[in-house]
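# Descriptive structure summary
Here are the chains, one letter per residue:
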Amino acid sequence: MAELAPRKVVVTAGPTRERIDPVRYLSNDSSGLMGFEIARAAAERGDKVILIAGPVHQETPDGVTRIDVESARDMLQAVKRAFLGSESRTKGSFGKTGADALFMAAAVGDWRPKRQLSGKWRAKDGGDEVASLELVRNPDILATVGRRKGNRLVVGFALETGSGLQRAKAKLTRKGADFIVLNDETALGAKRTTVAILAKGGVSSRLQNRTKREVARTLVRLDHTDSLK
Ligand code: CTP
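Residues numbered from 1 in each chain as written. Predicted model: local features only at pLDDT ≥ 70, side-chain atom pairs only at ≥ 80, totals over all residues. Heavy atoms only, no water.

### Concerning the site of the ligand
Neighbouring the ligand are 16 residues, the closest being M104, A106, L142, F157 and K171. The separation between an oxygen atom of the ligand and a polar main-chain atom of M104 is 2.7 Å. The contact in question runs from an oxygen atom of the ligand to an N or O atom on the backbone of L159, over 3.0 Å. In isolation the ligand has 580 Å² of accessible area, and contact with the protein removes 80% of it. Placement of the ligand is best described as lying within the largest pocket. Looking at the shell around the ligand, the elements that each hand over two or more residues are α3 (141–146), β9 (153–160) and α4 (165–174). Among the elements that make up the shell around the ligand, the one with the highest residue count is β9 (five residues). Tallied by class, the residues present in the shell around the ligand amount to nine nonpolar, one polar and six charged. (Near = heavy atom within 4 Å. Polar contact = N/O pair within 3.5 Å; in protein donor to acceptor, adjacent residues only side chain to side chain. Areas by Shrake-Rupley, 256 points an atom, 1.4 Å probe, with all protein chains shown as cover. 1 Å grid on protein atoms, 1.4 Å probe; cavity = no way out; pocket = protein on both sides within 12 Å on 5 of 7 lines; lining within 4 Å. Sits in = over half its atoms within 2 Å of the grid points. Helix = DSSP H or I, 4+ residues; strand = E, 2+ residues; numbered from the N terminus. Nonpolar A, V, L, I, M, F, W, Y, C, P; charged D, E, K, R; others polar.)

Dropping the structure here:
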């Protein structure tokens, strides 16, 4: 793989959190480790890095600018600003031209409650035994920015149980990514993982039982030439 010049890189990490009421939410078990390791590996190779993180307990790697977000919609705004570009050059923005690469490692919640209650949701004494929560679809961040990426590098992630190669390939096209990194279910919360890296051109490579730090070092060296293979 070719050596790359320093780039402006955006990484997302961790779960998103969708509020039901002031003290309850929908979320998932993502630890954020993969995204934090990618941010660390990119900074170590000299890239400028904005890390957009959902609620996680991870230390910010040296040299990385971290933006904390909660919901998928907050994350979408932060990704648009950092990756696609924004007029203001404040924290979380590379300015008008945006970034060169996006690693979308966050486990974004697909659904959010249709209504967010301003007070606590109370189960009334002697009330119903069954309740339901109406959900609406969250925006697909990867697909939204993938459509507008031009010739920037976009790497998406997928978690599949069993052999999810076909599904991951479909995701690659649907979301406009250059690569999809396919994790198996053992990756959740673990230090080590086995991944398949699928390129838009059809080639896939496999990293077996590696630490997430090792996987991250490989991922930050990917470039467009590799994606076309
Ligand atoms: N993603 C996103 N916005 C969403 C959902 C997912 O940007 N609303 C991104 C994730 O960050 C990841 C990729 O899309 O890069 C994962 O796609 P997804 O369809 O959620 O795949 P899985 O996690 O494998 O889950 P599913 O079972 O829904 O296919």
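Still to come is the rest of the account.
### Focus: the side chain of K175
Mapped onto the secondary structure, K175 falls in the loop between α4 and β10 (179–184). By relative accessible area, which is 16% here, K175 ends up buried. Excluding anything up to four places from it in sequence, K175 contacts D140, L142, A143 and G146. (Buried < 20%, exposed > 50% of the residue type's maximum accessible area, 1.4 Å probe, protein only. Contact = heavy atoms within 4.5 Å.)

### What to know about the environment of F157
Of note, F157 is situated in strand β9. On the accessibility criterion, F157 (16% relative accessible area) is buried. Taking C-alpha positions, F157 is 9.9 Å from L198, a pair spaced 41 residues apart along the chain. Aside from chain neighbours lying at most four places away, what touches F157 is M34, I38, F103, M104, A105, I180, V181, N183 and L219.

### Observations regarding the pairing of strand β4 (residues 48–53)
Taken across its six residues, β4 has five buried, putting it largely inside the fold. For strand β1 (residues 8–13) and β4, the ladder comprises six bridges, and the chain directions are parallel. Pairing of V10 across the sheet is with I50, part of β4. The sheet contact formed by β4 and strand β5 (residues 64–68) spans five bridges and is parallel. Paired with A53 across the two strands is D68, which belongs to β5. (Pairing = 2+ DSSP bridges.)

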